[in-house]
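Descriptive analysis of the structure
Chain by chain, the residues:
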Amino acid sequence: GAHLFDALLQDFFIDKHTSDLLKRIATDFRLNLGTVEDTGYTLETIVEENQTLFDMIQSALDETLMNTKQLYVLYDDAGKLTLKNINTMKLNLLIDEETGENFSYESSIDEQTYNKIKLAYNDEKTGKRELFIAQDGAKMNQWGVLQYFEEVQTKTGASAKADALLKLYDQKTRKLTIQNAFGDVRVRAGSAVVVALNLGDIVTNNYMVVNKVTHTFRGDEHMMELDLIGGEFIA
């Protein structure tokens, strides 16, 4: 079950990485840890009270993704909390027209697509508000202005964060589901597989992340359904 913010964490200084936060939580709450890879990014966000432990870690992972464009996956590996960079979870498994003949695909700019990023920092000492903006003029002409706005706690790295957010969100939201793919027991949420498909407005030939997988076993037959993200695909 989810634990609420605990006094044990109040002395946890936030000049730490998400991986440090996970290790501290595991120690305080006696949780079993598996492999925990260093996330390498020093968190800026202040831990808020009344957050569940999972929400705290997820917020830290989101901040790491936005600032480094590195995606880390937290999962339960046979009872052990495991944190890995998506790049270490690649499988030599190909999904193409032959192995994933049934698929559904949609793309839109209606959700999680932004071509203008505006970050604001309020300087309490001077009372001034500083803006950090990154934008894609060509996409703004094509789609209109799709703006993401956020108030940041520090202006340190704010410009780089704006650039990272633009790179992350300045593209169509794409959703790909593969039905009746040949089964592989290694595939789990967080695995990465190679996808080579012509989807009309994009031709993929790169690793994509398994957002969700359903394995089906019937006699000797093993099939799976995959929800995929990654590359230009966002959940």
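Our subject is the structure that appears above.
All of the points below concern the structure found in this document.

Analysis parameters
Residues numbered from 1 in each chain as written. Predicted model: local features only at pLDDT ≥ 70, side-chain atom pairs only at ≥ 80, totals over all residues. Heavy atoms only, no water. Helix = DSSP H or I, 4+ residues; strand = E, 2+ residues; numbered from the N terminus. Buried < 20%, exposed > 50% of the residue type's maximum accessible area, 1.4 Å probe, protein only. Contact = heavy atoms within 4.5 Å. Areas by Shrake-Rupley, 256 points an atom, 1.4 Å probe, with all protein chains shown as cover. Salt bridge = Lys/Arg side-chain N within 4 Å of Asp/Glu carboxyl O. Polar contact = N/O pair within 3.5 Å; in protein donor to acceptor, adjacent residues only side chain to side chain. Pairing = 2+ DSSP bridges. Axes fitted to C-alpha atoms, helices over the stretch in contact; angles between N-to-C directions.

**Some words on the overall build of the chain**
- Within the chain, the secondary structure is distributed over four helices and twelve strands.
- By residue count, 42% of the 235 residues in the chain fall in the buried class.
- In the chain, the share of contacts with a sequence separation of at least 24, taken over all contacts with a separation of at least 6, comes to 66%.
- When the accessible surface of the chain is totalled, it reaches about 13200 Å², and 46% of it is carbon and sulfur.

**With respect to the pattern of salt bridges**
- Applying the stated criterion to the full structure yields six salt bridges.
- For glutamate 150, the salt bridge identified is with lysine 161, shortest N-O distance 3.1 Å. With glutamate 150 in strand 8 (residues 147–151) and lysine 161 in helix 4 (residues 158–169), this residue pair connects regions lying eleven residues apart in the sequence.
- With relative accessibility at 19%, the residue glutamate 150 sits in the buried group.

**Some thoughts on the side chain of threonine 113**
- Of note, threonine 113 is situated in the loop between strand 5 (102–108) and strand 6 (116–122).
- With relative accessibility at 4%, the residue threonine 113 sits in the buried group.
- From its side chain, threonine 113 meets the backbone oxygen of glutamine 171 in a polar contact 2.9 Å long.

**Quick word on the sheet that holds strand 2 (residues 72–77)**
- One open sheet accounts for three strands, arranged 1-3-2; its pairing is mixed. Each edge of the sheet is formed by a strand with only one pairing partner; in this case those strands are strand 1 (33–36) and strand 2. Averaged over all adjacent pairs, the angle separating strand axes in this sheet is 15°, with direction ignored.
- Relative to strand 3 (residues 80–85), strand 1 runs parallel, the two being bridged by two bridges. Pairing of leucine 33 across the sheet is with leucine 81, part of strand 3.
- Taken strand by strand, helix 1 (residues 18–28) contacts strand 1, strand 2 and strand 3, and its axis lies near 170° from that of strand 1.
- On the sheet, helix 2 (residues 53–68) packs against strand 2 and strand 3 and is oriented at approximately 145° with respect to strand 2.

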